[in-house]
Amino acid sequence: MGTDLHSRRQRNHGRKLKKVLFIGFLAGLVCGLLLGALAFIIGNAWKEKRNEAENATKKNKEVSRQASFHGNAATVGLNTDTYPSKKDDWRLALVNESHPLDEGWKPELAEVVKDRYVDARILDAAAKMLEDAAGAGMSLYVCSAYRDYEKQREIFNSSMADRLSQGYGPLDAYEETKKSVAFPGTSEHATGLALDITSAKYVELNEKQADTEEAKWLAANSWKYGFVLRYPPEKADVTGIIYEPWHYRYVGQEAAKEMTEKNLTLEEYVEL
Ligand SMILES: [Zn+2]
């Protein structure tokens, strides 16, 4: 009997143990599921954050890729390959946002007025134009001529920095700067074929420059010397540059005459 009691107690004990084990197992299972769910939620949230960060990095990379593209696209001197009919004519070299100049391009230079240099091949034409203007009573000031890649980069970067400090985001600062300053490699001044000329009495680079006697003289006579007003007011959508009544570009006498008569920009002329 004693043994019976003992074995019953043992059985009871065994059942209790099984119950405890089962409850333990259930608790473990529930805890495991809860932890699993928690880990899943946290994991997803983290993944989302990481994707966001990755997208932001991608966007930034895109901006810097766009920025560096223009500087590196052209690898051979004056890029006129798109226009086979005029490609051998250095006077018609097209340099703009979609036709950048090679970073290493450096023309042979000649000083046209004190501290202002042009491509040596246009020295005589530029000097004659300035001389004849002076003879006609004009008082001209050449505020800029040849500018190398490095100088253009300095100007661009300092304008970019101004916008950034005004609170523009990097992409907006870049887009805004590009409207008024040519990206390094896309400025005609790097060819040595362009001159910025103002009245010596009014040296501001704005539209009022067009009202000066000097600007009017240049607009009427520059073609005789092979120069054209490169960025006319009504052609900003063609040239991509706002009206610049001071910016003159050498294209040669024949082209300058035809462009002036037909009211064509260089972009339009080289496509003929
Ligand atoms: Zn200019």
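Before reading on, note that the structure itself is shown above.
Below is a short write-up of the structure.

About the criteria used
- Residues numbered from 1 in each chain as written.
- Predicted model: local features only at pLDDT ≥ 70, side-chain atom pairs only at ≥ 80, totals over all residues.
- Heavy atoms only, no water.
- Pairing = 2+ DSSP bridges.
- Helix = DSSP H or I, 4+ residues; strand = E, 2+ residues; numbered from the N terminus.
- Axes fitted to C-alpha atoms, helices over the stretch in contact; angles between N-to-C directions.
- Contact = heavy atoms within 4.5 Å.
- Phe/Tyr/Trp six-rings, centres within 6.5 Å; stacked < 30°, edge-to-face > 60°.
- Buried < 20%, exposed > 50% of the residue type's maximum accessible area, 1.4 Å probe, protein only.
- Lys NZ or Arg CZ within 6 Å of the ring centre and 35° of its normal.

Attention shifts here to the sheet that holds strand 4 (residues 194–199). The strands that make up a sheet pair up through hydrogen bonds in the backbone, lying either parallel or antiparallel. An order of 3-4-6-5 is seen for the four strands of this open sheet, with the pairing classed as antiparallel. In this open sheet, the two strands that pair with only one neighbour each are strand 3 (140–144) and strand 5 (227–229). Neighbouring strand axes in the sheet, compared pairwise and without regard to direction, differ in orientation by 40° on average. Of the strand pairs in this sheet, strand 5 and strand 6 (residues 247–250) are connected by three bridges, and their pairing is antiparallel. When the sheet's bridge partners are listed, phenylalanine 227 is paired in strand 6 with tyrosine 250. Against the sheet, helix 5 (residues 213–221) engages strand 3, strand 4 and strand 6, with an angle of about 25° to strand 6.

Turning next to the packing of aromatic side chains. Under the criterion given, the structure shown has six aromatic pairs. With 4.8 Å between their ring centres and 75° between their planes, phenylalanine 156 and phenylalanine 183 make a pair best called edge-to-face. With phenylalanine 156 in helix 3 (residues 149–165) and phenylalanine 183 in the loop between helix 4 (170–180) and strand 4, this residue pair connects regions lying 27 residues apart in the sequence. Exposure class is identical for phenylalanine 156 and phenylalanine 183. Each is buried. Aromatic pair phenylalanine 227 and tyrosine 250: ring centres 5.3 Å apart, planes at 70°, arrangement edge-to-face. Taken as a pair, phenylalanine 227 in strand 5 and tyrosine 250 in strand 6 lie far apart in primary sequence, 23 residues in all. With respect to class, phenylalanine 227 is no different from tyrosine 250; both count as buried. Taken together, the aromatic side chains of Trp90, Phe227 and Tyr250 make up a single cluster linked through ring pairs. Geometry around tryptophan 90 places arginine 121 over its ring, the cationic atom sitting 4.0 Å from the centre.

Fair warning: the whole summary comes from geometry, so function is off the table for now.
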